[in-house]
Each structure stands twice: as C-alpha cells, then as structure tokens.
Amino acid sequence: YGGHVDFKLAAEWFQDRAKLGDHQAQFFLGLMYYKGHGLESDPMQAHSWFKKSALGGLPAAQFNLAMMLLANDEWQTSEAEALRWLNAAAEQGHESARLQIAKVHLSHVDDPVRTAAAFREFGKLANAGDPEAQMQFGLLHVFGHGISVDYEEGRSCLRQSALQGYT
C-alpha cells in the first residue's frame, strides 16, 4: 500500500500462499487470473482458484464463482449451482449476493414462485436502504409482476432510489 505496484511479485506471493491452502490468497490469485494482473488472463485458472477459496468458505470467492457460473455456459453448471454459491455468500452477510439472488429469481418472471421470491428479497434489501433494490422493488410495484399494481408504493421506492443517486 502506498508504494510501487508490482503485480508479478504479488502474484508470486499469492501463488505460494494459495498452494498452501490460504483461502484469501486463493481468492486474490483468482482475481489476478481473472483480470490479468501480473499473470496472463486465464478464466479457467480464475475459476479454479475461486472454487478452492469458495470451498474454504470465503464469501467474496463464493460470490465471484457464482457470477462466473452465471455469466458463462462453458463451465457446464446449472443456475442452481450458482444460486447455491450465492446463498452461501449471502448467509455470511454478502449483500451483493442477496441482490444477485433476487435478480436471478426475477429473470424467471413467468414463474410466480420465483417472482414472489424476488419480490421478498428486493423488499428486504429495499427496506434496508439498498438503492438498486429500491429501484427494482419500485418497478415490481409499478408493473405488478407477482403482486398487485401499486403505483404509490412504486413511486415511493423509485424516489428513494433516485434520492440516493441511483440512475
């Protein structure tokens, strides 16, 4: 911190610690492979290191692994596996995981059970002050997906989101 950034040296240190089972080093090594910092960008290596770290219980790794699984079909996994990792991260307080779970459920707008799950999760996050959740929750009220249309509640949620600067 505050000095010269040497990604190659950092990668060496993270590799040494990651191979010894340090879950945080595994996570950071996964990030370095994912972003190509100090190492050649390699999504397969990023996936491998995120998974090792996720299995070790690190919420950020569980979230990143889930996001990789959702974004890319080449891992040959199901949405259910990604949700399993998101739930593991959310249970440890990873707020972005909770928001992503709601988004995954909302992507199944024709399934009333999934839409209701999205509505509940967006509602909890909106009440906790998350501006993106407030926007989503407001839109659910305005368009009535899974609930009765409530323009006033929708307007209120959208306004709260906008007041926090959410575009």
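Residues numbered from 1 in each chain as written. Predicted model: local features only at pLDDT ≥ 70, side-chain atom pairs only at ≥ 80, totals over all residues. Heavy atoms only, no water.

Caption draft 1: Quick peek at the overall build of the protein. A tally of helices and strands in the protein yields nine helices and zero strands. Each helix and strand of the protein, ordered N terminal to C terminal, gives the series α-α-α-α-α-α-α-α-α. In the protein, buried positions account for 40% of the 167 residues. Partitioning the intrachain contacts of the protein with sequence separation of at least 6 by distance along the chain shows that 39% fall at a separation of at least 24. Per element, the accessible surface of the protein, about 9,700 Å² overall, is 53% carbon and sulfur. For the protein, the centre of its 14 positive side-chain charges and the centre of its 20 negative side-chain charges are spaced 3 Å apart. (Helix = DSSP H or I, 4+ residues; strand = E, 2+ residues; numbered from the N terminus. Buried < 20%, exposed > 50% of the residue type's maximum accessible area, 1.4 Å probe, protein only. Contact = heavy atoms within 4.5 Å. Areas by Shrake-Rupley, 256 points an atom, 1.4 Å probe, with all protein chains shown as cover. Lys, Arg positive; Asp, Glu negative; His and termini not counted. Charge placed at Lys NZ, Arg CZ, Asp CG, Glu CD.)

Caption draft 2: The confidence of the model for the protein, seen in detail. Per-residue confidence for the protein averages 93 on the pLDDT scale, and 98% of its residues sit at or above 70. For the protein, the element scoring lowest by mean pLDDT is helix H7 (residues 112-127), at 93; helix H2 (residues 23-35) scores highest, at 97. (pLDDT = per-residue confidence, 0-100.)

Caption draft 3: Representation of the pattern of salt bridges. Counted by the stated rule, this structure contains five salt bridges. Note that Arg114 and Glu79 form a salt bridge whose closest N and O atoms lie 2.8 Å from each other. Note that Arg114 is positioned in helix H7 and Glu79 in helix H5 (residues 79-91), a separation of 35 residues in sequence. Of the residues examined, Arg114 reaches a relative accessible area of 18% and is grouped as buried. (Salt bridge = Lys/Arg side-chain N within 4 Å of Asp/Glu carboxyl O.)

Caption draft 4: Highlighting the environment of Asn127. Tracing the chain through its elements places Asn127 in helix H7. Put simply, Asn127 and Phe137 are 10 residues apart on the chain and 9.7 Å apart in space, counted from C-alpha to C-alpha.

Caption draft 5: A look at helix H9 (residues 151-163). Relative to the 18 Å expected for 13 residues at 1.5 Å per residue, H9 spans 18 Å between its end C-alpha atoms, a close match to the ideal helical length. Restricting attention to buried positions, one finds in H9 the residues Gly154, Cys157 and Ser161. Projected down its long axis, H9 shows its buried positions confined to an angular sector of 70°, all on one face. Seen from the buried face of H9, the exposed residues on the opposite side, beyond 90 degrees, are Tyr151, Glu152 and Leu163. Structurally, H9 contributes buried residues whose contacts are with helix H8 (131-143). Two residues or fewer past H9, Gly165 is found with a positive phi of approximately 90°. (Expected span 1.5 Å × (residues − 1). Arc of directions from axis to C-beta.)

Caption draft 6: Representation of H2 in the model. Between the first and last C-alpha of H2 there are 18 Å, a value that for 13 residues agrees with the 18 Å anticipated at 1.5 Å per step. Of all the positions in H2, only Ala25, Gln26, Phe27, Leu29, Gly30, Leu31, Met32 and Tyr33 are classed as buried. Residues of H2 that are buried in the fold lie against helix H1 (7-19), helix H3 (43-55) and helix H4 (59-71). Where H2 begins, the side chain of Asp22 points an oxygen toward the backbone nitrogen of Gln24, at a separation of 2.9 Å. Backbone geometry just after H2 places Gly36 at a positive phi near 75°. (Polar contact = N/O pair within 3.5 Å; in protein donor to acceptor, adjacent residues only side chain to side chain.)

Caption draft 7: Up close: the packing of aromatic side chains. Within the structure shown, the criterion is met by four aromatic pairs. Seen in terms of ring centroids, Phe27 and Phe28 are 5.2 Å apart; in terms of plane orientation they differ by 70°. Their pairing is edge-to-face. The class for Phe27 is buried, based on a relative accessible area of 10%. For the pair Phe119 and Phe137, a centre-to-centre distance of 4.8 Å together with 35° between the ring planes defines the contact as tilted. Linking Phe119 in helix H7 with Phe137 in helix H8, this pair joins segments that are 18 residues apart in sequence. Counting every residue linked through ring pairs, the aromatic cluster contains Phe14, Phe27, Phe28 and Phe50. Its guanidinium or amino end placed over the ring of Trp49, Lys52 lies 4.3 Å from that ring's centre, counting from NZ or CZ. (Phe/Tyr/Trp six-rings, centres within 6.5 Å; stacked < 30°, edge-to-face > 60°. Lys NZ or Arg CZ within 6 Å of the ring centre and 35° of its normal.)

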